[in-house]
Amino acid sequence: MEEAIQPSPGQFFSSLIISRVKCRVVAVDLRGHGDTKVVDSDNLSAEKMSRDVGDIINTLYGANAPPVLLIGHSMGGAIAVHSAAKNLVPSLQGLCVIDVVEGTAMDALNSMQTFLRSRPKIFNSVESAIEWSVKSGQIRNLESARVSMLGQLKRYEEEQNSPGSSHAFVDTAINEEEEEEEEGGGIAKKEKKNEPSISIKEDKPEYTWRIELSKTEKYWEGWFKGLSNLFLSCPVPKLLLLAGVDRLDRDLTIGQMQGKFQMQVLPQCGHAVHEDAPDKVAEALATFMIRNKFTESKGDIQSSYPSF
């Protein structure tokens with residue numbers, strides 16, 4: 001499984017699939033998205049990341065790779081399509097793309113920087129990031145947000161004592177009086193000079209986004225341009241999961257009418273379909289795998305929504 005531009009709640013979602021069908025799930029840590037260290041980690045081009053997918057599977061299994069179903073959401077879905085179209089996974093058996101369509105994605109790129117600027121850059125805690133993700137509608141499932149937001153963040157690093165740092169403040173005591181003992185036993189009060197008393201205090205640990213998305217803009221078009229035809233050209237069974245049927249572009253609409261792929265719409269979900277409705281997405285994937293004889297069921301599979 002490949003995730004979007006932010007790290008996936010892989011373990012959480014994987015358990016839902018594994019509980020339904022006999023399979024092994026590999027949640028790919030794409031370059032720059034997690035703790036894996038790679039050379040040229042800032043290269044998030046479709047060419048580079050799709051080759052990463054092939055290299056990971058080759059490293060895991062070598063020449064004896066089992067049948068593979070590639071699953072990807074958003075940008076991760078685009079990378080899955082590029083990997084499949086280039087035949088970088090020789091044992092590929094199926095392809096599932098979650099809520100990514102070329103036409104919609106290309107249109108959204110025009111306003112992407114505006115959206116990114118509207119997001120908070122720093123969170124005082126993981127809990128505040130989770131709260132923001134739910135209240136803003138980025139994720140509509142609190143349980144999923146608790147899992148996925150943790151992977152999307154990293155500690156915010158800033159020079160603690162630098163000018164303007166939010167981690168420090170100056171505490172200045174002015175016109176304080178102190179007592180001095182005079183000769184002869186008397187006590188006189190003396191005004192203290194206005195000398196600042198510097199007190200450095202650390203706030204709660206702060207977090208920021210693991211990936212600075214605005215800096216990846218040069219790769220955006222390469223992820224999505226020509227994606228619909230690439231998806232349709234992949235010679236394996238294909239499943240497209242969408243949050244709304246209005247997301248279909250012209251090429252995919254024609255392809256769907258010609259029966260070139262299976263489509264399922266999960267209403268009342270946002271873009272993070274697999275996080276908003278993880279059980280329904282897992283059910284759809286299980287049904288797709290069983291229908292195409294990729295695997296066997298571990299129990300009764302009941303699809304919540306009709307497929308097209």
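Reading guide: rules and limits
Residues numbered from 1 in each chain as written. Predicted model: local features only at pLDDT ≥ 70, side-chain atom pairs only at ≥ 80, totals over all residues. Heavy atoms only, no water. Buried < 20%, exposed > 50% of the residue type's maximum accessible area, 1.4 Å probe, protein only. Helix = DSSP H or I, 4+ residues; strand = E, 2+ residues; numbered from the N terminus. Pairing = 2+ DSSP bridges. Right-handed = clockwise from strand over helix to strand, strands pointing away. Phe/Tyr/Trp six-rings, centres within 6.5 Å; stacked < 30°, edge-to-face > 60°. Lys NZ or Arg CZ within 6 Å of the ring centre and 35° of its normal. Axes fitted to C-alpha atoms, helices over the stretch in contact; angles between N-to-C directions. Contact = heavy atoms within 4.5 Å. Arc of directions from axis to C-beta. pLDDT = per-residue confidence, 0-100. Salt bridge = Lys/Arg side-chain N within 4 Å of Asp/Glu carboxyl O.

A. Quick look at the pairing of strand 1 (residues 68-73). Taken across its six residues, strand 1 has six buried, putting it largely inside the fold. Neither face of strand 1 is open: one carries V68, L70 and G72, the other L69, I71 and H73, and all of them are buried. Where strand 1 meets strand 2 (residues 92-98), six bridges bridge the pair, whose relative direction is parallel. Within the sheet, the bridge partner assigned to H73 lies in strand 2 and is I98. Following the backbone out of strand 1, through helix 3 (residues 75-85) and into the adjacent parallel strand 2, one traces a crossover that is right-handed.

B. Layout of the packing of aromatic side chains. Summed over all chains, the structure comprises six aromatic pairs. Between W132 and W209 the ring centres are 5.7 Å apart and the planes differ by 75°, which places this aromatic pair in the edge-to-face class. With W132 in helix 6 (residues 126-135) and W209 in strand 9 (residues 207-209), the pair connects residues that are 77 residues apart, well separated along the chain. Looking at W209, the relative accessible area reads 9%, which means it is buried. Among the aromatic residues, those joined into a cluster by ring pairs are F123, W132 and W209. Directly above the ring of W209 sits R119, whose terminal nitrogen or CZ lies 3.8 Å from the centroid.

C. Molecular detail of the sheet that holds strand 11 (residues 262-265). Reading across from one edge, 1-2-10-11 is the order of the four strands in this open sheet, with parallel pairing throughout. Taken across any chain shown, the strands that pair with only one partner, and hence form the sheet edges, are strand 1 and strand 11. Averaged over all adjacent pairs, the angle separating strand axes in this sheet is 15°, with direction ignored. Here strand 2 pairs with strand 10 (residues 238-242) via four bridges, running parallel.

D. The sheet that holds strand 3 (residues 122-123), seen in detail. Spatially, the three strands line up as an open sheet ordered 3-9-4, and their pairing is antiparallel. The two strands at the open ends of the sheet, each matched to only one other strand, are strand 3 and strand 4 (153-155). Inspection of the sheet shows strand 3 paired to strand 9 by two bridges, in the antiparallel sense. Looking across to strand 9, one finds that F123 is bridged to Y207. Relative to strand 4, helix 7 (residues 142-152) is tilted by about 50°, and along the sheet it contacts strand 4 and strand 9.

E. Seen up close, helix 6. Buried within helix 6 are the following residues: V126, A129, I130 and S133. The buried residues of helix 6 occupy one face: seen down the axis, they fall within an arc of 100°. Helix 6 presents E127 and K135 as exposed residues on the side facing more than 90 degrees away from its buried surface. Structurally, helix 6 contributes buried residues whose contacts are with strand 3, helix 7, strand 4 and strand 9.

F. Molecular detail of the confidence of the model for the protein. Here the protein averages 79 in pLDDT, and 78% of its residues register 70 or above. The low-confidence segment residues 1-9 (pLDDT under 50) makes 48 contacts with residues lying over four places distant or belonging to another chain. Within the model, the stretch residues 189-202 combines pLDDT values under 50 with 29 contacts to residues more than four positions away or in other chains.

G. Layout of the pattern of salt bridges. Enumeration according to the criterion identifies nine salt bridges in this entry. Between R31 and D52 there is a salt bridge; the shortest N-O distance is 2.5 Å. On the criterion of sequence distance, the pair formed by R31 in the loop between helix 1 (10-18) and helix 2 (46-61) and D52 in helix 2 is long-range, its members being 21 residues apart. The pair formed by R31 and D52 is uniform in burial state, with each residue classed as buried. Measuring nitrogen to oxygen at the nearest pair gives 2.7 Å for the salt bridge that ties E131 to K135. Placement of the pair is E131 and K135 together in helix 6, with a separation of four residues, close to one helical turn. Residues joined by salt bridges that share partners form a network here, namely R20, D279 and E283.

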